[in-house]
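# A structural walkthrough
Letter by letter, the chains look like this.
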Amino acid sequence: MANNVIQANKEMIEKMKHHYGNVLTDKLPPGAVFVAKPSGCTITAYKSGKVLFQGSNGEGEASQWGTSEPPKVKSPSKGTMTLPENFADWSVIGSDEVGTGDFFGPITVVSAYVKKEHIPLMKELGVKDSKNLSDPQIINIARDLIAAIPYSLLILHNPKYNAMQEKGMTQGKMKALLHNQAILNLLDKMAPELPEGILIDQFVEKNTYYKHISAQKKIQRDRVYFSTKGESIHLAVAAASIIARYAFLKEMDKLSAKAGVEIPKGAGKHVDIAAAKIIKRRGIEELKSMTKWHFANSEKAMKLARK
Ligand code: MN
């Protein structure tokens, strides 16, 4: 089983503890702040700030909270990437994805271009870290953004996701392929204009990212930077994240209409229950086409549906 470790501060650990409030367990190992068991994953948060995600959905859960290392910009040791000074004021393509930890719905990846002249407009439109925005706020801001800046959206629907996953492809590799393609599409759209930098909200180590896309015909390397918490590094990543979440919400609405059941986000118990309903009404194949089938939720839903 894959292990995913992220580094979190006290505030974030409190936020996580609250988020997993209904799946907390009583038994804590030494040094632990909490242990939670959402679907397909065991999460152990330690006083040191390390948070361990174990199990088949460990990567999915961890990706909701950040990636496996602390922000690179704050620890330029070990030869990791340091962003140029004043990077926040550059004209930048930001790239981010949504939906990786959700059982239902696709992965949406967006690359969005915010040139320096547009930074005040971004602030005016309310662009900021999408984790601090409600769904209605996301929808409002995204509608303005789509009209205001160049972007490229890719949607990986679950029939294709499941086929790739069953061939052994990791979610990390799928994301890398999608980011590379979204960036290339946007560069095409913008040509001959070029951004000063391209910032990918980091989900794997840089070398792993390039290894994942090594077989691609075109690989964008020029001007590419990686950082965790990219949304707080440049508003282009925040804008990309908002458009990606908007696209994800629209896809979830479509799925809800198709299934005749209000489809929940995430991978918790409420998701198992909705999934079981869909099995009863529409059958297993229909459910599979709407979900990331390798998540542990599928087993649980089938069990629930048999009851
Ligand atoms: Mn991200």
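Refer to the preceding data block for the structure.
## A short note on the overall build of the protein
On a plain count of helices and strands, the protein comes out with 11 helices and nine strands. Radius of gyration (C-alpha) of the protein: 19 Å, near the 19 Å computed for a compact globule of 307 residues. Each principal axis of the C-alpha distribution contributes one length, and for the protein these read about 60 × 45 × 40 Å. In the protein, which comprises 307 residues, the proportion classed as buried is 52%. Of the contacts formed within the protein by residues at least 6 apart in sequence, a portion of 70% connects residues at least 24 apart. Carbon and sulfur atoms provide 52% of the accessible area of the protein, an area that totals close to 14800 Å². Measuring between centres, the 44 positive side-chain charges of the protein sit 6 Å from its 31 negative side-chain charges.

## Observations concerning the coordination of the manganese ion
On the protein side, the manganese ion has Asp96 (OD) and Asp201 (OD) as donor atoms, found 2.1 to 2.2 Å from it. You can see Asp96 sitting in strand E5 (residues 92-98) and its partner Asp201 sitting in strand E8 (residues 197-201), a full 105 residues away along the chain. For the pair formed by Asp96 and Asp201, the shared burial category is buried.

## Description of the packing of helix H4 (residues 135-148) against helix H8 (residues 235-259)
Angle between the axes and distance between the axes are the two parameters that describe a pair of packed helices. Interhelical geometry of H4 versus H8 gives an angle of 115° and a closest axis separation of 9 Å. Of the possible angle classes, the one that applies to H4 and H8 is roughly perpendicular. Both H4 and H8 take part in a crossing whose hand is left-handed. When H4 is examined against H8, the residues Asp135, Ile138, Ile139, Ile141, Ala142, Arg143, Leu145 and Ile146 are found in contact with a partner set consisting of Ala239, Ile242, Ile243, Arg245, Tyr246 and Leu249.

## Overview of the sheet that holds strand E6 (residues 107-114)
With mixed pairing, five strands are arranged side by side in an open sheet as E7-E6-E5-E8-E9. Since the sheet does not close on itself, it has two edges, and those belong to strand E7 (151-156) and strand E9 (224-227), each with one partner. Neighbour-to-neighbour, the strand axes of the sheet open up by a mean angle of 20°, direction not taken into account. Bridge count for E5 against E8 is four bridges, and the pairing is parallel. Residue pairing across strands places Ile93 opposite Ile198, the latter belonging to E8.

## What about the layout of surface pockets?
Approximately 240 Å³ is the volume attributed to the second largest pocket. If you trace the second largest pocket, you find 17 residues lining it, with Ser56, Glu59, Thr170, Gln171 and His294 closest to the centre. Residues of the lining of the second largest pocket, tallied by class, amount to five nonpolar, 11 polar and one charged. Domain assignment of the residues forming the lining of the second largest pocket places at least three in each of domain 1 (3-69) and domain 2 (87-252).

## What about the packing of aromatic side chains?
Ring pairs (aromatic) are described by centroid distance and by the angle formed between their planes. One pass over the full model with this rule turns up nine aromatic pairs. Seen in terms of ring centroids, Phe103 and Phe104 are 5.4 Å apart; in terms of plane orientation they differ by 70°. Their pairing is edge-to-face. The buried category is assigned to Phe104, whose relative accessible area is 0%. Aromatic side chains Tyr210 and Phe226 sit 5.9 Å apart centroid to centroid with 90° between the ring planes, which places their arrangement in the edge-to-face category. Taken as a pair, Tyr210 in helix H7 (residues 206-212) and Phe226 in strand E9 lie far apart in primary sequence, 16 residues in all. Both residues of the pair, Tyr210 and Phe226, belong to the buried class. Chaining the aromatic ring pairs together yields one cluster made of Phe203, Tyr209, Tyr210 and Phe226. In this arrangement the basic side chain of Lys189 is found over the ring face of Tyr151, its NZ or CZ atom lying 5.0 Å from the centre. Between the NZ or CZ atom of Arg221 and the centre of the ring of Tyr210, over which it lies, the distance is 4.4 Å.

Procedures and definitions
- Residues numbered from 1 in each chain as written.
- Predicted model: local features only at pLDDT ≥ 70, side-chain atom pairs only at ≥ 80, totals over all residues.
- Heavy atoms only, no water.
- Helix = DSSP H or I, 4+ residues; strand = E, 2+ residues; numbered from the N terminus.
- Rg over C-alpha atoms; globule rule 2.2 N^0.38 Å.
- Buried < 20%, exposed > 50% of the residue type's maximum accessible area, 1.4 Å probe, protein only.
- Contact = heavy atoms within 4.5 Å.
- Areas by Shrake-Rupley, 256 points an atom, 1.4 Å probe, with all protein chains shown as cover.
- Lys, Arg positive; Asp, Glu negative; His and termini not counted.
- Charge placed at Lys NZ, Arg CZ, Asp CG, Glu CD.
- Donors = N, O, S within 2.8 Å, 3.2 Å for Na, K, Ca; no water.
- Axes fitted to C-alpha atoms, helices over the stretch in contact; angles between N-to-C directions.
- Parallel < 35°, antiparallel > 145°, perpendicular 65-115°, else oblique.
- Left-handed = near helix turned anticlockwise from the far one by under 90°.
- Pairing = 2+ DSSP bridges.
- 1 Å grid on protein atoms, 1.4 Å probe; cavity = no way out; pocket = protein on both sides within 12 Å on 5 of 7 lines; lining within 4 Å.
- Points joined across faces, edges and corners; volume = space filled by probe spheres on them.
- Nonpolar A, V, L, I, M, F, W, Y, C, P; charged D, E, K, R; others polar.
- Domains from an automatic or database assignment.
- Phe/Tyr/Trp six-rings, centres within 6.5 Å; stacked < 30°, edge-to-face > 60°.
- Lys NZ or Arg CZ within 6 Å of the ring centre and 35° of its normal.

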